Amino acid sequence: MDLTAPQPPAELFSLKGRTALVTGASSGLGARFALLLAEAGADVVATARRADRLAELGRLHPAITPLPGDIDSPDDRRRIVTEATGEATGWDRVDIVVNNAGMSGPLRAEEEEPDDVLRLLSVNLVAAYALTRDLVMAADSPSGMSVVNVASILGLVSGAPVGGAGYASSKAGLIGLTRELAGQWGRRGVRVNALAPGWFPSEMTAGLFADERSAGWVDRNTMVGRPGADHELDTALLFLVSPASSYCTGQVLAVDGGWTAR
Ligand SMILES: NC(=O)c1ccc[n+]([C@@H]2O[C@H](COP(=O)([O-])OP(=O)(O)OC[C@H]3O[C@@H](n4cnc5c(N)ncnc54)[C@H](OP(=O)(O)O)[C@@H]3O)[C@@H](O)[C@H]2O)c1
């Protein structure tokens, strides 16, 4: 073990000179992730369907480039990859990919049609796979790329009565995809990890937190007795995308106040 040259801790988390793409950056966790990576020194492409929200985000930080698109559309995905690695940015590759875009669906199997499940798998899982694959294949040399898939505790444990078959399957699938791609690409220097958030306030969870009973259910079943605060995924994401986690791949990092440790 070489003890002569440990890296200064602050530099371990620095993203200076790195390029990043964050999906689902028009709201919630993704908007925060895009700003966080920009603050850490990265140049960031922020994508989602709502162009006005992305433009707003772009005004908050000069290192953020809005690039609107529907992640579920193959044409839009192709355009996103071409523009993120072409003249619009001047980048030759995307170093950091944060697959954060996601949607939820009906909660009860009695109301969730197979087509609902297909749509959830398409947006939450297949789109992340397709985009990541295209970005890695577009890189002349992918070594050093880091991919983070935003999964969920609902990909690890049942969230009944909250969750839904399509949502839980898509998040469990993302975790399987994380391990598989980490295995396929590890020797090429591409790391792939998953972040599994517990309950955090956002547009997706607004209904849950607006209801006293379900908000209480979250408090009661979380070891620390409360939902996550906005900033409480920051260091986990920075760890996974940065050189701080250079020997970490194929892993799932749950940031959930102890939810999955019960
Ligand atoms: N909040 C939580 O407690 C929690 C817990 C575990 C996991 N997560 C995961 O964290 C991620 C972010 O969720 P959030 O809580 O921040 O919810 P949110 O505010 O609803 O964000 C979802 C994001 O995904 C984007 N999106 C959805 N469908 C898209 C599509 N077809 N094409 C492009 N972008 C699309 C949305 O943008 P547009 O509508 O503008 O396209 C939005 O920016 C999701 O993957 C979610 O499953 C959240």
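This structure is a prediction, so every number in the text was calculated from the model and none was measured.

With respect to the overall build of the chain
- Counting secondary structure elements, the chain contains nine helices and seven strands.
- The C-alpha radius of gyration computed for the chain amounts to 18 Å, which stays within 12% of the reference 18 Å derived for 262 residues, consistent with globular compactness.
- Based on the C-alpha atoms only, the size of the chain along its principal axes is roughly 50 × 50 × 35 Å.
- Here the chain holds 262 residues, and the buried ones make up 48% of them.
- A separation of at least 24 residues holds for 68% of the contacts in the chain among residues at least 6 apart in sequence.
- Working note: accessible area of the chain is about 12,700 Å², and carbon and sulfur atoms make up 53% of it.
- With 23 positive and 31 negative side-chain charges, the chain shows a spacing of 3 Å between the two charge centroids.

Section: the site of the ligand
- Neighbouring the ligand are 29 residues; Ser26, Arg49, Tyr167, Phe200 and Ser202 lie closest to it.
- At a separation of 2.8 Å, an oxygen atom of the ligand approaches a polar side-chain atom of Arg50.
- Within the contact set of the ligand, an oxygen atom lies 2.6 Å away from a side-chain nitrogen or oxygen of Tyr167.
- Burial of the ligand by the surrounding chains reaches 95%, relative to a free accessible area of 870 Å².
- For the shell around the ligand, the secondary structure elements donating two or more residues are helix H2 (28-39) and helix H6 (165-185).
- Grouping the constituent residues of the shell around the ligand by class yields 13 nonpolar, 11 polar and five charged.

A short note on the packing of aromatic side chains
- In this structure the tally under the stated criterion is three aromatic pairs.
- Ring centres 5.7 Å apart and planes at 65° place the aromatic pair Trp199 and Trp217 in the edge-to-face group. Note that Trp199 is positioned in the loop between strand S6 (191-197) and helix H7 (206-210) and Trp217 in helix H8 (residues 212-221), a separation of 18 residues in sequence. Neither residue differs from the other here; Trp199 and Trp217 are each classed as buried.
- Between Trp199 and Trp259, the ring centres sit 5.6 Å apart and the planes meet at 70°, which makes this aromatic pair edge-to-face. A residue pair is termed long-range when its members are at least 10 positions apart, and Trp199 in the loop between S6 and H7 and Trp259 in the segment after strand S7 (252-255) qualify at 60 residues.
- Joined through ring pairs, the aromatic side chains of Trp199, Trp217 and Trp259 make up one cluster.

Regarding the sheet that holds strand S5 (residues 146-150)
- Read from one edge to the other, the open sheet built from seven strands follows the order S3-S2-S1-S4-S5-S6-S7, with strand pairing classed as parallel. Both edges of this open sheet fall to strand S3 (64-66) and S7, since each of them pairs with a single strand only. Geometrically, the sheet is characterised by an average inter-axis angle of 20° between neighbouring strands, direction not taken into account.
- Two strands pair when backbone bridges link them, and S5 and S6 are joined in this way by five bridges, in the parallel orientation. Across the sheet, residue Ser146 finds its bridge partner in S6, namely Arg191.
- Sitting on the sheet, H6 touches S5, S6 and S7, and the angle it makes with S6 is about 160°.

Looking at H8
- Listing the buried residues of H8 in full gives Ser214, Ala215, Gly216, Trp217, Val218 and Asn221.
- On the buried face of H8, the contacting elements are H7.
- Where H8 starts, the residue carrying a side-chain oxygen 3.2 Å from the main-chain nitrogen of Arg213 turns out to be Asp211.

Topic: the environment of Leu156
- Along the chain, the position of Leu156 falls in the loop between S5 and H6.
- We classify Leu156 as partly exposed; its relative accessible area is 39%.
- In sequence terms Leu156 and Tyr167 are 11 residues apart; their C-alpha atoms lie 12 Å from each other.
- Apart from residues lying up to four places away in sequence, Leu156 is in contact with Ile175, Ala196, Val252, Ala254 and Thr260.

Rules of the game
Here the residue numbering is sequential within each chain, running from 1 through the sequence in written order. Where local features are concerned, this predicted model is filtered to residues with pLDDT of at least 70; where side-chain atom pairs are given and counted, the filter is 80 or more; whole-chain, interface and lining totals use all residues. In computing side-chain properties, one takes all heavy atoms of the structure into account and sets aside hydrogens as well as water. The numbering of helices and of strands both runs from the N terminus, where a helix is a DSSP run of H or I of at least 4 residues and a strand a run of E of at least 2. The globule rule is 2.2 Å times the number of residues to the power 0.38, and the radius of gyration it is compared with is taken over C-alpha atoms. Under the scheme applied here, a residue whose accessible area is under 20% of the maximum for its type counts as buried, over 50% as exposed, and between as partly exposed, the area being computed with a 1.4 Å probe on protein chains only. The contact definition used throughout considers only heavy atoms, calling two residues in contact when any of these lie within 4.5 Å. Residue-level accessible areas treat just the shown protein chains as cover; the underlying method is Shrake-Rupley with a 1.4 Å probe. Charge convention: Lys and Arg are scored as positive, Asp and Glu as negative, and His as well as the terminal groups of each chain are ignored. We put the charge of a Lys on NZ, of an Arg on CZ, of an Asp on CG and of a Glu on CD. Whether a residue is near a molecule or strand is decided by its heavy atoms; if any one of them lies within 4 Å of it, the residue is near. Between N or O atoms, a polar contact is any pair within 3.5 Å; within protein, one atom must be a potential hydrogen donor and the other a potential acceptor, and residues adjacent in sequence are included only when both atoms are from side chains. Gly falls in the polar group here, along with every residue not listed as nonpolar (Ala, Val, Leu, Ile, Met, Phe, Trp, Tyr, Cys, Pro) or charged (Asp, Glu, Lys, Arg). Aromatic rings from Phe, Tyr and Trp, with only the six-membered ring used for Trp, were paired whenever their centres fell within 6.5 Å, and each pair was classed as stacked if the ring planes differed by under 30 degrees, edge-to-face if by over 60, and tilted otherwise. Two strands form a pair only when DSSP identifies at least two bridges running between them. Angles here are taken between N-to-C directions and fall from 0 to 180 degrees, while the axes themselves are lines fitted to C-alpha atoms, restricted in helices to the stretch in contact.

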